[in-house]
Amino acid sequence: MCDDCFDDEDAAPADFPLEDIARAARMIERDIAGETAPDEAWAVYFGEASGALDWRVLDRLARSVDAARLLLSLSGPGRAAAHSGPVGDHRPSAVCPAAR
Amino acid sequence: MNAHPPAAALRSANITPLARLDIPGGGEVVLHRGHAFIGHMSPPLGTSIYDLADPRKPRLVAQIAPKDGYSHTHKVKVAGELMITNVERHRRHFYRKGERIAAVTAELAGRLGRPPVDAEIAAALGVKEGDVADLRAGLARGYADGGFRVWDIADPAHPRELAYVKTGGIGVHRFDMDERYAYISTEMEGYVGNILVIYDLADPTRPREVSRWHLPGQHMGAGETPTWSGQRHRLHHALRVGDVMWAACWYAGAYAIDVSDIARPRTIGSFNYHPPCPEPTHTFFPLAQPLGGRKVALAIDEEHDHIPGQPHAFLWVLDVEDLTRIAPISTFHVGESASPYATAGGRFGAHQFQERQVGSLVFATWFAGGLRVIDLADPSVPKEIGHFIPAPATGHAAPQSNDIDVNADGIVCLLDRDCGLDILQFEG
């Protein structure tokens, strides 16, 4: 956390394991009207790959993730929200079959 | 500080390292008339000026200290023979927590039935126990020095202070300038968070305020009520091109402001992508030439602490043909696999691009991802065509590439917020 850039009010949302978010988000996204986003788009969204995302796809994925967080929060509290420490977790792939 | 060849940097073939300076980190670097102007992040260093006549052997020609040990001067801009440096409270958000000590103490006392100890106050504020005394000292000391300084740099080796302008609150963050006006992002009495204040530099020894612009809700002194808490929504900074200011607003998106009447800035249009996108808007700026038959602008977000499931901060490509209907075209993201330091600690994600690009190339800093060079020839599908990732400085787990500038000869200065300036040659 950088004291020179961010305020307390910048607290982030509750923190759930990536694989849980990915599984829920992809399930929700498949139920949204329109073309389902490809694996490659999810990989870019979750930071596994570099690339471009069309705004409509990005918006679709972001809203699916928001809904997934809400769904997960209804089934139990997440970890402490803001300031979750460095980005050093060994994260599973969000787009591997096990995560779907 | 002697320059040395950079060691162990990772790079694409079109970027050649020329020199590395292990200088204390900075917030902004500007190239102007053969010199690099650097704003350092923390006192006692303020502004450093390097002669780049031989970019392999940069030569320090001047250093300017901040006004005091409680201010930092981490931003700098240059136009013609004028330079402006900011004056902002150092560790401003940390010290702002001191303003909450009384309320937190009262709340804890009511809940505990006794006066709280410092450890409990610290926990409630989200600081270390030992920080509470520092916060109290900062509260008692207050801060009234925020503003900016104007310098004559006709001789860059001997900057001459022309004016010091006090603004308000914690002072000035990023800003823009030309030889006639300064476009300052600052707190001001009566407002919450940074707003735009435009100063006339016709007489640079006496800058004169000509107008202000703010987000609806910021002007509490005039009875406005913010719909957010604290300073969450505020101007980050605004850049002028022609009669339009391109303003990036924290968690509030991109705004185009008409300044054809400099005394009456007027919002033309905006694009706010919060929510659903989580990271705050840092910079908004148009490309000089149309791409693919469209007028295009860029916005870039600043990476925050990373939360699983959230995209790292990224670059936006926007259609600005009609400023009343700013619309997204595409976004560009860098994957964690693109840097060995992405998960080593520190931040990994977008921060800033070179302001005032030429052609379709964007030079962007990505914290632990270093420098990324992105081609927007097809604005619907941005493509990376180069990168440079510095080795972490001694004592740091990852580079934290913060700011960048590129001159007409392809000389690139890449500034780390913790430590180091890399001087590169781009051969695109």
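Reading the values: rules and limits
Residues numbered from 1 in each chain as written. Chains lettered and ligands numbered in written order. Predicted model: local features only at pLDDT ≥ 70, side-chain atom pairs only at ≥ 80, totals over all residues. Helix = DSSP H or I, 4+ residues; strand = E, 2+ residues; numbered from the N terminus. Buried ≥ 20, exposed ≤ 12 C-beta atoms within 10 Å, placed from the backbone. Contact = placed C-beta atoms within 7 Å. Pairing = 2+ DSSP bridges. Axes fitted to C-alpha atoms, helices over the stretch in contact; angles between N-to-C directions. Left-handed = near helix turned anticlockwise from the far one by under 90°. Nonpolar A, V, L, I, M, F, W, Y, C, P; charged D, E, K, R; others polar. Parallel < 35°, antiparallel > 145°, perpendicular 65-115°, else oblique. Arc of directions from axis to C-beta. pLDDT = per-residue confidence, 0-100.

**Comments concerning the overall build of chain A**
In terms of regular secondary structure, chain A is built from three helices and one strand. Secondary structure elements of chain A occur, N-terminal to C-terminal, as α-α-β-α. The burial tally for chain A puts 37% of its 100 residues in the buried class. Contacts spanning at least 24 positions in sequence make up 75% of the contacts within chain A whose residues lie at least 6 apart.

**Let's talk about the sheet that holds strand β12 (residues 172-177) of chain B**
All names here are of chain B. Strand order in the open sheet formed by four strands is β12-β13-β14-β15, with antiparallel pairing between adjacent strands. Only two strands of the sheet have a single neighbouring strand rather than two, namely β12 and β15 (208-213). Recorded for the sheet is a direction-independent mean angle of 25° between the axes of neighbouring strands. Bridge count for β12 against strand β13 (residues 181-186) is four bridges, and the pairing is antiparallel. Residue pairing for β13: aspartate 176 is matched across the bridge by tyrosine 183.

**Observations concerning unusual backbone geometry**
Residue and element names in this part refer to chain B. The omega torsion across proline 43 and proline 44 is 15°, close enough to zero to call that bond cis. The residue arginine 91 is not glycine, and still its phi comes out positive at about 55°. Among the secondary structure elements, arginine 91 is positioned in the loop between β9 (82-89) and α1 (92-96). One non-glycine residue with positive phi stands out, namely tyrosine 251, at about 55°. Relative to the helices and strands, tyrosine 251 is located in the loop between β17 (244-249) and β18 (253-258).

**A short note on the packing of helix α1 (residues 18-31) of chain A against helix α3 (residues 55-74) of chain A**
In a packed pair of helices, the relevant descriptors are the angle between the two axes and the axis-to-axis distance. All names here are of chain A. Two elements in contact, α1 and α3, have axes whose closest approach is 8 Å; the angle formed by their N-to-C orientations is 120°. Relative to α3, α1 is oriented so that their crossing is right-handed. The segment α1 lies against α3, with Asp20, Ile21, Ala24, Ala25, Ile28 and Glu29 engaging Arg60, Leu61, Ser64, Val65, Ala67, Ala68, Arg69, Leu71 and Leu72. In the contact of α1 with α3, the residues fall into ten nonpolar, one polar and four charged.

**Quick notes on the sheet that holds strand β20 (residues 281-286) of chain B**
A sheet is described by the order of its strands in space; here five strands give the open sequence β1(A)-β23(B)-β22(B)-β21(B)-β20(B), paired in antiparallel fashion. Of all the strands in the sheet, just β1 (51-54) of chain A together with β20 of chain B have a single pairing partner and so form its edges. Adjacent strand axes in the sheet meet at a mean angle of 25°, parallel and antiparallel pairs treated alike. As defined by bridge partners, strand β22 (residues 315-319) of chain B adjoins strand β23 (residues 327-333) of chain B across five bridges and the pair is classed as antiparallel. Looking at the pairing, Leu318(B) lines up with Pro328(B) of β23(B). Taken strand by strand, α3(A) contacts β1 of chain A together with β23 of chain B, and its axis lies near 85° from that of β1(A).

**Remarks on the packing of helix α2 (residues 101-112) of chain B against helix α3 (residues 118-125) of chain B**
Residues and elements named next belong to chain B. Close contact between α2 and α3 brings their axes to 10 Å; oriented N to C, the two are set at 115°. Taken together, the axes of α2 and α3 are roughly perpendicular relative to one another. Classified by chirality, the crossing of α3 by α2 is right-handed. On the side of α2, the interface is formed by Ile101, Val104, Thr105 and Leu108, while α3 contributes Glu120, Ile121, Ala124 and Leu125. Counted by class, the contact of α2 with α3 contains six nonpolar, one polar and one charged residues.

**Here's the deal with helix α4 (residues 131-141) of chain B**
Residue and element names in this part refer to chain B. Residues Val132, Leu135 and Gly138 constitute the buried set of α4. Down the axis, α4 shows its buried residues gathered within 120° of arc, on one side only. Away from its buried face, by an angle of more than 90 degrees, α4 presents the exposed residues Ala133, Ala137, Ala140 and Arg141. Looking at the packing, one finds that the buried side of α4 touches α1, α2 and α3. In the stretch just after α4, glycine 142 is the one whose phi turns positive, near 70°.

**Brief notes about the confidence of the model for chain A**
Caution is warranted with low-pLDDT regions, since their predicted coordinates should not be read in detail. Residue and element names in this part refer to chain A. Per-residue confidence for chain A averages 75 on the pLDDT scale, and 62% of its residues sit at or above 70. Looking across chain A, the model is least confident in α3, with a mean pLDDT of 93, and most confident in helix α2 (residues 39-45), with 97. Confidence drops under a pLDDT of 50 for residues 80-92, and excluding neighbours within four residues, the segment shows 29 contacts in the predicted structure. Counted against residues more than four places away or in other chains, residues 94-100, with its pLDDT under 50, gives 17 contacts.

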